[in-house]
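Per-entry structural report
Residue strings, one per chain:
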Amino acid sequence: MLDDMIDYLQDIRQRPVWQPIPDDARAAFRSGMPAQGSELAAVHQQFMQHILPNAIGNTHPGFFGWVHGGGTPVGMLAEMLAAGLNANCGGRDHIPIEVERQIVRWMAELFGFPATASGLFVTGSSMANMIALLVARFRALGREVRSHGIPPKRQLVAYASAGAHGCIAQAMDLAGLGSANLRKIPMNAQFQMDVVALETAITADRQAGLQPFFVAGTAGTVDVGAIDELPLLAAVCERNGLWFHVDGAYGALAALAPALRPLLDGIELADSVACDFHKWGQVPYDAGFILVRDGAMHLDTFASRDTYLRRDARGMAANSPWPCDFGPDLSRGFRALKTWFTFQVFGAERIGQVINETCLLARYLEERVAAQPELELLAPVALNIVCFRYRAAGDVDAFNAGLVADVQESGIAAPSATTIRGKLAIRVAIVNHRTGQQDIDALLDAVLKLGAARPQFITTESA
Ligand SMILES: *Cc1c(COP(=O)(O)O)cnc(C)c1O
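Residues numbered from 1 in each chain as written. Predicted model: local features only at pLDDT ≥ 70, side-chain atom pairs only at ≥ 80, totals over all residues. Heavy atoms only, no water.

- Per an unreviewed UniProt entry, the protein chain goes by Cytochrome D ubiquinol oxidase subunit I and derives from Duganella aquatilis.
- Under Sequence similarities (unreviewed entry), UniProt gives the following word-for-word description of the protein chain: "Belongs to the group II decarboxylase family."
- Taken directly from UniProt, the Cofactor (unreviewed entry) text for the protein chain runs: "pyridoxal 5'-phosphate". (UniProt positions renumbered as here; feature names shortened; annotations may be inferred.)

The structure is reproduced here in structure tokens:
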């Protein structure tokens, strides 16, 4: 099984990035629960036949959809070791907890946070952003919010750019504050939050009797990779007494690349940072992370004192506070191990180089798109994401949506689609360490060839 998987990763380039799922593969997963077991080899055979060839393809160098990490064999082996240990990292006195704490300290240093900062592995930045919002809610409303909920007539309001990820609005929803109370601040020409508009909105909300409490800047917006002007956001938060959070889901790890680090100036002023090791960090899914400057307040937001979780000075129930005191999860896997192995084996510099190279490839693609009369850039390239479209007559959005699906189904490359200022864009996010210039060339050739072959003047219905 191990050999098959290592061969798979080694020869990934020979496979299609993705292929439409054959009916028999889908049908294989409609049978009921097996009462009796089968040979491991037979079950593995089913994996090789139906699961492995029908994955989404994000280990492939031609995968450019959304912002998916590529993973590494090192991360895969570490995941196997973690599963063998079967550690429950909710708490108690064992070394897996110290591994997680070590990474918390590494991240605190990377982002210029004090040694008293706290951190936690979580599923992903959706959860990390929500934890940050809950700590900010605790600060705004006090301890009472945990037992009594939101007091009547106190409406908390949060702010993020119109380009912020949808999970910020979702966090407002899940925190009981309401997604309509997230103000989506317009963006400037660089797709960064308009800081003047932000301060105007804060003032207006305060005058209306509402309580501004939280600003989420984004370091690497999901659509175009823009980084908000973090020092300016920090100053606005400081002046207004607001929590300054940075959603650095994929972009914050640019701090590992010396050439990119200046783009993140101001992140050291944040109250909290969310980031994902499973994107640019190349750690296998899932490995999200939250860092909070005020570790004591983070603890106060989540800690409880249930008797079956009692702490002791010695024995296995020592070593408090535990990770379960910093978030909603009690039982948790050993996500820190694959992250620890990745940093230990490759080193921070090499991960930073990979991150920088994906940005250089994005510049290369930007230049090639700009040089092609059939193509049109739709956003400036800030980091590793390039948004463009094929110039077509008729319904150009439908044309490009169809073209994205054509390219995906070709198996040559896998971009995704998004909408940039009302225009449907072919969105190419370069994240994978395996991607090289030849993969960018193959993508562009496929876009040009399949674009030229597509009928124009089509309507949305026929796309
Ligand atoms: C990916 C992403 C998220 C969501 O993170 P998950 O790990 O998918 O939960 C949030 N914000 C930004 C900017 C992202 O790129």
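Next comes the rest of the write-up.
With respect to the site of the ligand
- With respect to spatial proximity, 13 residues lie near the ligand, and among them Ser125, Ser126, Asp247, Asp276 and Lys279 are the closest.
- Here an oxygen atom of the ligand sits 2.7 Å away from a polar atom, N or O, in the side chain of Asp276.
- Lys279 places a side-chain nitrogen or oxygen 3.0 Å from an oxygen atom of the ligand.
- Summarising the interface, the protein chains cover 85% of the accessible area of the ligand, which totals 380 Å² for the free molecule. (Near = heavy atom within 4 Å. Polar contact = N/O pair within 3.5 Å; in protein donor to acceptor, adjacent residues only side chain to side chain. Areas by Shrake-Rupley, 256 points an atom, 1.4 Å probe, with all protein chains shown as cover.)

Examining the UniProt feature "modified residue: N6-(pyridoxal phosphate)lysine" (unreviewed entry) in the protein chain
- Sites flagged by UniProt as "modified residue: N6-(pyridoxal phosphate)lysine" (unreviewed entry) map to Lys279.
- Examined against the element boundaries, Lys279 turns out to sit in the loop between strand S6 (272-276) and strand S7 (288-292).
- With sequence-adjacent residues up to four places away left out, Lys279 is seen in contact with Val67, Gly69, Ala249, Tyr250 and Val431.
- Here the side chain of Lys279 touches Asp276 through a polar contact of 3.2 Å, side chain to side chain. (Helix = DSSP H or I, 4+ residues; strand = E, 2+ residues; numbered from the N terminus. Contact = heavy atoms within 4.5 Å.)

A closer look at a nonpolar patch on the surface
- A cluster of nonpolar side chains, contributed by Leu2, Ile6, Leu77, Met80 and Leu81, occupies part of the molecular surface with about 390 Å² of accessible area.
- Among the elements that take part in the nonpolar patch, helix H4 (residues 73-85) stands out by supplying 3 residues, more than any other.
- Of note, Met80 is situated in helix H4.
- Given the relative accessible area of 44%, Met80 is considered partly exposed. (Patch = residues over 30% accessible without salt bridge, like charges linked within 9 Å, V, L, I, M, F, W, Y side chains within 5 Å. Salt bridge = Lys/Arg side-chain N within 4 Å of Asp/Glu carboxyl O. Buried < 20%, exposed > 50% of the residue type's maximum accessible area, 1.4 Å probe, protein only.)

What to know about the packing of helix H5 (residues 95-110) against helix H12 (residues 335-370)
- Look at H5 against H12: their axes get within 9 Å of each other, and the N-to-C directions meet at 55 degrees. Compared by their axis directions, H5 and H12 come out oblique. The chirality of how H5 crosses H12 is left-handed. Contacts from Val99, Glu100, Gln102, Ile103 and Trp106 of H5 reach H12 at Ala336, Thr339, Trp340, Phe343 and Gln344.
- Of the residues that constitute the contact of H5 with H12, the class distribution is 6 nonpolar, 3 polar and 1 charged. (Axes fitted to C-alpha atoms, helices over the stretch in contact; angles between N-to-C directions. Parallel < 35°, antiparallel > 145°, perpendicular 65-115°, else oblique. Left-handed = near helix turned anticlockwise from the far one by under 90°. Nonpolar A, V, L, I, M, F, W, Y, C, P; charged D, E, K, R; others polar.)

Focus on the packing of H4 against H12
- Packing of H4 against H12 brings their axes to within 8 Å, and their N-to-C directions diverge by 140 degrees. Here H4 is positioned oblique relative to H12, judged by the angle of their axes. Crossing angle aside, the handedness with which H4 passes H12 is right-handed. Contacts from Val74, Gly75, Ala78, Glu79, Leu81 and Ala82 of H4 reach H12 at Leu337, Lys338, Phe341, Thr342, Val345 and Phe346.
- Residue composition of the contact of H4 with H12, by class: 8 nonpolar, 2 polar and 2 charged.

Here's the deal with unusual backbone geometry
- At the junction of Tyr285 and Asp286, the peptide bond is cis and its omega measures out at -10 degrees in the coordinates.
- Topologically, Asp286 is positioned in the loop between S6 and S7.
- The phi angle at Lys153 is positive, at roughly 65 degrees, despite the residue not being glycine.
- Judged by its relative accessible area of 84%, Lys153 is exposed.
- A positive phi angle, near 65 degrees, is found at Phe191, a position not held by glycine.
- Residue position: Phe191 is located in the loop between strand S3 (182-185) and helix H9 (195-207).

Details of the sheet that holds strand S1 (residues 118-122)
- Spatial ordering of the open sheet is given by S1-S7-S6-S5-S4-S2-S3, a layout of 7 strands whose pairing is mixed. A single partner strand is all that each edge strand has here, and the edge strands are S1 and S3. Looking at each pair of strands side by side, their axes are set apart by 20 degrees on average, direction ignored.
- Alignment of strand S4 (residues 211-218) against strand S5 (residues 243-247), held across 5 bridges, turns out to be parallel. Bridge pairing in S5 links Phe214 to Trp243.
- Sitting on the sheet, H9 touches strand S2 (156-161), S3 and S4, and the angle it makes with S2 is about 165 degrees. (Pairing = 2+ DSSP bridges.)

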